[in-house]
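The residues making up each chain are set out below.
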Amino acid sequence: MIQARSLSDLRGALRSMGAEANKGYAFVERGWYFTKRYWAWEVVWLIYNVVNALAVTFISTAFQGTIHLTQEQLNHIILYLAIGTAIWSYVSVVFDGVTETVTIERWEGTIEYTFMAPVSRLVHMLGICVFSLLHGFVLTALQLIVLGMFFHIDLSGADWSAAIVILAIGSVSLIGLGIVSAILPMLFTERGAQMAYIIRAVLLLVSGVYYPISVLPGWMQQISKVSPATYLLDGLRGSIQNGKGLASLWSDIWPLLICGAISVPLGLFIFNRAERYAKRTGKLKRNG
Amino acid sequence: MLKEDLQPSLEQEAQEPLRQRSSLLTEAELADLDTYDALVIEHASKRFLKSGGRKWFRRSSEKQRKQRVVRAVDDVSLTIHRREILGVLGSNGSGKSTLIRLISTLLLPDVGSVKVFGHDVVREERMVQRLINRVSVEAAFFRKLSPMENLLYSARLYGISGAEAREQIRAILMRLGIKEDRIGQPLENMSRGMQQKVAIARAFLTAPILLLLDEPTTGLDPRSKQDVQVFVRQLRDTHDATILLTTHDMDEAEALCDRIAIIDGGRIVAQGTADALKCQVAEKLELDRTATLTEVFMAYTGRDWEAEEAEDSDEEDEE
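Basis of the calculations
Residues take numbers from 1 onward in each chain, read along the sequence in its written order. Going through the entries in the order they are written, you letter the chains from A and number the ligands from 1. Predicted model: local features are reported for residues with pLDDT of at least 70 only, side-chain atom pairs are reported and counted for 80 or more only, and whole-chain, interface and lining totals are derived from all residues. Calculated side-chain values reflect all of the structure's heavy atoms, with hydrogen atoms and water omitted. Put simply, DSSP H or I for four residues or longer makes a helix, DSSP E for two residues or longer makes a strand, and each gets a number counted from the N terminus. With a 1.4 Å probe rolled over the protein chains alone, any residue whose accessible area is under 20% of its type maximum counts as buried; one over 50% counts as exposed, and the rest are partly exposed. By the convention used here, residues are in contact when the closest approach between their heavy atoms is within 4.5 Å. Residue burial considers only the protein chains on display, and all accessible areas are found by Shrake-Rupley using a 1.4 Å probe. The term polar contact refers here to a pair of N or O atoms within 3.5 Å; inside protein, the definition further demands a hydrogen-donor-capable atom paired with an acceptor-capable atom, and it admits residues adjacent in sequence only when both atoms are side-chain atoms. Two parts placed together each lose some accessible area under a 1.4 Å probe, and adding up what both lose gives the buried area. The term salt bridge refers to a pairing of a side-chain nitrogen on Lys or Arg with a carboxyl oxygen on Asp or Glu at a separation within 4 Å. Three classes are used: nonpolar for Ala, Val, Leu, Ile, Met, Phe, Trp, Tyr, Cys and Pro, charged for Asp, Glu, Lys and Arg, and polar for all others, with Gly counted as polar. When DSSP locates at least two bridges between a pair of strands, those strands are taken to pair. Fitted lines through C-alpha atoms give the axes, limited to the stretch in contact for helices. The angle between two N-to-C directions lies from 0 to 180 degrees. Put simply, angles under 35 degrees are roughly parallel, angles over 145 are roughly antiparallel, angles from 65 to 115 are roughly perpendicular, and the rest are oblique. Left-handed describes a crossing whose near helix is turned anticlockwise from the far helix through less than a right angle; right-handed describes the clockwise counterpart. Confidence scores per residue from the predictor, reported as pLDDT, run from 0 to 100. Only Phe, Tyr and Trp rings take part, Trp by its six-membered ring, and two of them pair if their centres are within 6.5 Å. Stacked means planes under 30 degrees apart, edge-to-face means over 60, and tilted covers everything else. The arc in question is the one traced by the directions running from the helix axis out to the C-beta atoms. Grid points spaced at 1 Å over the protein atoms alone were grouped into cavities, where a 1.4 Å probe fits but cannot get out, and pockets, open sets with protein on both sides within 12 Å along at least five of seven lines, with lining residues defined by an atom within 4 Å of a point. Grid points are joined across faces, edges and corners, and a volume is the space filled by probe spheres set on the points. Helix span is expected to be 1.5 Å times the residue number reduced by one.

**Student:** Hey, could you run me through the overall build of chain A in this one?
**Tutor:** The secondary structure content of chain A amounts to eleven helices and zero strands. Element order for chain A, N to C, with α for helix and β for strand: α-α-α-α-α-α-α-α-α-α-α. Residues counted as buried form 50% of the 288 residues belonging to chain A. Taking the intrachain contacts of chain A between residues at least 6 apart in sequence as the baseline, contacts between residues at least 24 apart amount to 81%. On chain A, roughly 13,900 Å² of surface is accessible, and the fraction owed to carbon and sulfur atoms is 69%.

**Student:** Would you take a moment to explain the side chain of T206 of chain B for this structure?
**Tutor:** For T206 of chain B, the location among the structural elements is in the loop between α8 (192–205) and β7 (210–214). At 3.0 Å, the side chain of T206 of chain B and the backbone oxygen of A203 of chain B are in polar contact.

**Student:** Looking at this model, I keep getting lost on the interface of chain B and chain A. Mind explaining?
**Tutor:** How big an interface is tends to be stated in terms of accessible area lost as the parts join. With 40 residues of chain B at the interface, the matching set in chain A holds 36 residues. The largest per-residue losses of area from chain B upon contact with chain A belong to F142, R156 and L157 of chain B, which jointly make up 19% of the total buried on that side. Here chain B and chain A share seven salt bridges between them. A salt bridge links R101 of chain B to E112 of chain A; the shortest N-O distance between them is 2.6 Å. For the interface between chain B and chain A, the tally reads 19 residue pairs in polar contact (both at pLDDT 80 or more). Elements represented by at least two residues in the side of chain B that touches chain A include exactly β1 (39–49), α5 (125–131), β6 (132–135) and α6 (147–157) of chain B. For the side of chain B that touches chain A, the element with the highest residue contribution is α6 of chain B, accounting for five residues. Of the residues contributing to the side of chain B that touches chain A, the split by class is 18 nonpolar, nine polar and 13 charged.

**Student:** Help me understand the environment of L210 of chain B in this model?
**Tutor:** All names here are of chain B. Topologically, L210 is positioned in strand β7. On a C-alpha basis, the gap between L210 and Q129 in space is 9.9 Å, while along the polypeptide they are 81 residues apart. In contact with L210, other than residues within four places in its own chain, are A38, L39, I103, V116, F117, L131, I132, N133 and T242.

**Student:** Please explain the sheet that holds strand β10 (residues 267–272) of chain B as it appears in this structure.
**Tutor:** Sheets are built from strands that pair by backbone hydrogen bonding, the pairs being arranged parallel or antiparallel. All names here are of chain B. Spatially, the six strands line up as an open sheet ordered β6-β7-β8-β3-β9-β10, and their pairing is mixed. If you trace the sheet from one side to the other, it starts and ends with β6 and β10, each paired once. Here the average twist between neighbouring strands, direction ignored, is 20°. Of the pairings in the sheet, the one linking β7 to strand β8 (residues 242–247) comprises five bridges and is parallel in character. Within the sheet, the bridge partner assigned to D214 lies in β8 and is T246. Its contacts with the sheet put helix α4 (residues 96–103) on β3 (85–89), β6, β7, β8 and β9 (259–264), and the angle it makes with β7 is roughly 155°.

**Student:** What is the right way to look at the packing of helix α3 (residues 71–108) of chain A against helix α8 (residues 197–206) of chain A in this model?
**Tutor:** When two helices pack together, you describe them by how their axes are tilted relative to each other and by the distance separating the axes. Residues and elements named next belong to chain A. The contact between α3 and α8 brings their axes to 11 Å, and the two run at 165°. Here α3 lies roughly antiparallel to α8, going by the angle between them. For the pair α3 and α8, the sense of crossing is right-handed. When α3 is examined against α8, the residues W88, V91, S92, F95 and D96 are found in contact with a partner set consisting of Y197, I199, R200, L203 and L204. Of the residues contributing to the contact of α3 with α8, the split by class is seven nonpolar, one polar and two charged.

**Student:** How should the confidence of the model for chain B be read in this particular structure?
**Tutor:** Should pLDDT be low for a region, the predicted coordinates there are not to be read in detail. Looking at chain B as a whole, its pLDDT mean stands at 83, while 82% of the residues score no less than 70. Segment residues 314–319 of chain B: pLDDT under 50, and four contacts once partners within four positions in sequence are set aside and those in other chains are kept.

**Student:** Looking at this structure, I do not really get the packing of aromatic side chains. What am I missing?
**Tutor:** How two aromatic rings sit relative to each other is given by the distance of their centres and the angle of their planes. Residues and elements named next belong to chain B. What the rule picks out here adds up to eight aromatic pairs over all chains. A ring pair is formed by F142 and Y153, whose centres lie 5.7 Å apart and whose planes are at 65°; its orientation type is edge-to-face. Of this pair, F142 sits in the loop between β6 and α6 while Y153 sits in helix α6; the two residues are eleven residues apart in sequence, bridging distant segments of the chain. Neither F142 nor Y153 differs from the other in exposure class; each is buried.

**Student:** Just to check I follow, could you spell out the pattern of salt bridges for this structure?
**Tutor:** Where charged atoms from two side chains of opposite charge approach closely, those side chains can pair. Residue and element names in this part refer to chain B. Under the counting rule described, the total for this entry stands at 28 salt bridges over all chains. Notably, a salt bridge pairs E295 with R289, separated by 2.8 Å at the nearest N-O pair. Look at E295 and you get partly exposed, because its relative accessible area is 24%.

**Student:** Where do I start with α8 of chain A in this structure?
**Tutor:** The α-helix advances 3.6 residues per turn, and as a result positions three or four apart in sequence lie on the same side. Residue and element names in this part refer to chain A. Every buried residue of α8 is listed here: R200, L203 and V206. For α8, the arc enclosing every buried residue in end-on projection is 145°, short of the 170-degree limit, so these residues lie on one face. Lining the buried residues of α8 we find α3, α6 (160–187), α9 (218–224) and α10 (228–241). Just downstream of α8, G208 is the residue with a positive phi angle, here 75°.

**Student:** Sorry, what's going on with empty space enclosed by the protein here?
**Tutor:** Empty space among the atoms becomes apparent when a probe as large as a water molecule is rolled across them. According to the stated counting rule, one finds two cavities of 30 Å³ or more in the structure shown. Forming the walls of the largest cavity are T110, Y113 and T114 of chain A together with N133, F141, N150, Y153, S154, L157, Y158 and R202 of chain B. Mapped onto the lining of the largest cavity, the elements with two or more residues apiece are α4 (111–115) of chain A together with α6 of chain B. Ranked by the residues each element gives to the lining of the largest cavity, the list is headed by α6 of chain B, at four residues.

**Student:** Whenever I open this one, unusual backbone geometry confuses me. Can you help?
**Tutor:** As a rule of thumb, non-glycine residues mostly have phi less than zero, and peptide bonds are mostly trans rather than cis. Residues and elements named next belong to chain B. Phi angles above zero are rare outside glycine, and T105 is one such case at about 70°. Structurally, T105 is set in the loop between α4 and β4 (111–116). In this structure, E215 is a non-glycine residue whose phi angle is positive, near 45°. By the element assignment, E215 lies in the loop between β7 and α9 (222–239).

**Student:** What is the right way to look at α8 of chain B in this model?
**Tutor:** Residue and element names in this part refer to chain B. Taking 1.5 Å per residue as the helical rise, α8 with its 14 residues ought to reach 20 Å, and the 20 Å between its terminal C-alpha atoms agrees with that figure. For α8, every residue scored as buried is listed here: G193, Q195, Q196, K197, V198, A199, I200, A201, R202, A203, F204 and L205. Just past α8, the residue A207 takes up positive phi, approximately 60°.

Written out as structure tokens, the structure reads:
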């Protein structure tokens, strides 16, 4: 009797989880539909990212003419910048994906329909972020392939399994930051998406995207310690460039775990507060 | 012969997706619905602070501060019984849409309470959201996406699986007169009437027990308007849905609604059946015939122009 009851409870819980997964998938599927319909914009975005990555990575070859570098040192700088541009593209696509989705919802007026649907904000935000992460991953991979056609990038010593783990853990932190950045277009229809650039710009400055954080002034280095992108970049460079395994990357893994554990609940808490404020002041109303 | 033969099959076709819809609620939840009125609003108010025009360097007077506050919904109490269609009539800016947004969990009331089948819209938001849906005057969609893509997104948010949703979407849209070859085309290429039909399909698809229709036929041509009205009636008759309808169209209100409430300046100024309201106004205006619904509306919302002009000149004097 008890066994039958617990079995039925388990079935109920599984059904409920399936329903929530279906709701989360709504946002992933919708993102895919957007990508299909706005395919020209995807091409433009890819070209922009590739050109940007090439522009930055060509800086490395400029060193060759000014200071004496061995081929090994040059390859090291090329790969350093290539990883920096790739991760920066990934972070940018994830952030833009999250903020633009909310911006589009504001302009189209669909935000009211999304917010009156029986979906928890966790599932809502996770759905949006999962699509953004997948989208960012594919665009970044394409960017790296094109970059490989221009530069000699030696990846033979890379520990790919460690890189994937680092990327997965780091992406959780990006979800937390993405949720926080989604608040801006929710509250500020016209300029909210642009305001989210501030978060990205600070990450770009302090996280060691194109240079080691040791070159920063002391106070900026302190800020870099709370940026998950710092550890994500350091971990990926360690695994791809230096072939480090997970054990050697523990100094990057634990901060990323802590960032993820804090940023997602904190992001949701702030988003819920912002949603309540929007509902109190009537800011969800269509403005476009 | 043809018409009679076709009629039952059309109705059957329309009812087919309806039967599925109640599956969104458990049997216990469905049984529980019968013990409550569909909607009970008690002394609900919502005020907004008008933005802009703030004088940062001059202290504003008490009167100016009060003028910045808009009482969109002011001490409204309203009950809708299950399976009833209640029409809310009001001029532009009278508070109809704010009232609908309060019920839809999109706004928080400043004071008072709003309960849908006994569930408070603030404390039991998620439960209320499972019971309601809304069609607004502007058909809000992702315009680059097709009706199928838009509706599939909505259906999933309400927990309907992709396969089931696809089947229902096709059936409902075709029932509403959307041709099959348009279902996959971007919505931006559709007329406003067709977009509004897709909006109604969206609400219908998600199995609302309480349907909130905010001027659903405004701006539609007579044919589309009639299609929508027929569908609304079918929705109540075949699915026992409760409907709150706001409209400017007196004929529509009279044709569809069991009771009518008139809202003006955020307050409910009259409510009752159309016939009762007409009798009251005929008596008030000492007419020797029954008043029309337009006369009822004007009687309860009409402004005294002389008083309004006097108010304006008082304000100018103060400036």
